[in-house]
Amino acid sequence: MIKNTSISWPSTKENVNAIIKKYNFVVLSVSPSVEIVDEALKFKLIQEEDLKKEYIKLTKEEIEERIKFINYVRFSYNKLTTDERKIIYWTFFDKENNYDDRFIANNLGFSLGYYYIKKKDAIIRFAFSLGVESIDDK
């Protein structure tokens, strides 16, 4: 029988924030400046051949390691539902527009209260997808 687990929200949120912060820095070092997403807000996985290496001042091993990390985050993100991807993308990845919670809730057709519930669920599901969820030990 599977035990019901209790998620530690503060730790899980902190873990996701740490991964996304690292992702945003790593992307700056190897990927184009603008993130490419399709209509469904899914990220394209990147290949080493896609990079303009003459502008990257890293060793081949460092580039490979960073591409693996970028693709790990993108693959995990792409597993989420469309609404979850929108919430995560507009909250954490879209640095150009700096959307606030009211805009995102309005765009999704949610009340602000319902949006906060969905945002928390999206972050928890993203944490499970990344494998960085934190379980309460109570």
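Just above sits the structure.
Keep in mind that what you see is a predicted model, and the values were worked out from it rather than measured.

Description of the overall build of the chain
Right, on to step 1. A tally of regular secondary structure across the chain gives five helices and zero strands.
Right, on to step 2. Listing the helices and strands of the chain from first to last along the sequence gives α-α-α-α-α.
Right, on to step 3. By residue count, 39% of the 138 residues in the chain fall in the buried class.
Right, on to step 4. Sequence separation of at least 24 residues holds for 70% of the intrachain contacts in the chain that already meet a minimum separation of 6.
Right, on to step 5. Of the roughly 9,000 Å² of accessible surface on the chain, a fraction of 52% belongs to carbon and sulfur atoms.

Some points on the packing of helix α3 (residues 82-93) against helix α5 (residues 112-130)
Right, on to step 1. Running from N to C, α3 and α5 point in directions that differ by 90°, and their axes come no closer than 9 Å. Considered as vectors, α3 and α5 are oriented roughly perpendicular to each other. Between α3, through Glu-84, Ile-87, Ile-88, Thr-91, Phe-92 and Phe-93, and α5, the contact on the second element is made entirely by Tyr-115, Lys-118, Lys-119, Ala-122, Ile-123, Arg-125 and Phe-126.
Right, on to step 2. Considering only residue class, the contact of α3 with α5 consists of eight nonpolar, one polar and four charged.

Looking at the environment of Ile-7
Right, on to step 1. In this fold, Ile-7 is placed in the segment before α1 (9-30).
Right, on to step 2. Sequence-distant contacts of Ile-7, that is, excluding residues within four places in its chain, are made with Thr-12, Ile-124, Phe-128, Ser-134, Ile-135 and Asp-136.

Remarks on the pattern of salt bridges
Working definition: two side chains of opposite charge can pair if their charged atoms are close together.
Right, on to step 1. What the rule picks out here adds up to three salt bridges.
Right, on to step 2. A salt bridge links Glu-64 to Lys-60; the shortest N-O distance between them is 3.2 Å. Of this pair, Glu-64 and Lys-60 are both found in helix α2 (residues 60-78), four residues apart, which corresponds to roughly one turn of the helix.
Right, on to step 3. Ionic pairing is found between Asp-101 and Lys-119, a salt bridge with its closest N-O pair at 3.2 Å. Taken together, the residues span a long stretch of sequence, with Asp-101 in helix α4 (residues 101-108) and Lys-119 in helix α5 at a distance of 18 residues.

Considering unusual backbone geometry
Right, on to step 1. Positive phi values are uncommon outside glycine, yet Asn-98 reaches one of about 50°.
Right, on to step 2. As for its position among the elements, Asn-98 is in the loop between α3 and α4.

Analysis parameters
Residues numbered from 1 in each chain as written. Predicted model: local features only at pLDDT ≥ 70, side-chain atom pairs only at ≥ 80, totals over all residues. Heavy atoms only, no water. Helix = DSSP H or I, 4+ residues; strand = E, 2+ residues; numbered from the N terminus. Buried < 20%, exposed > 50% of the residue type's maximum accessible area, 1.4 Å probe, protein only. Contact = heavy atoms within 4.5 Å. Areas by Shrake-Rupley, 256 points an atom, 1.4 Å probe, with all protein chains shown as cover. Axes fitted to C-alpha atoms, helices over the stretch in contact; angles between N-to-C directions. Parallel < 35°, antiparallel > 145°, perpendicular 65-115°, else oblique. Nonpolar A, V, L, I, M, F, W, Y, C, P; charged D, E, K, R; others polar. Salt bridge = Lys/Arg side-chain N within 4 Å of Asp/Glu carboxyl O.

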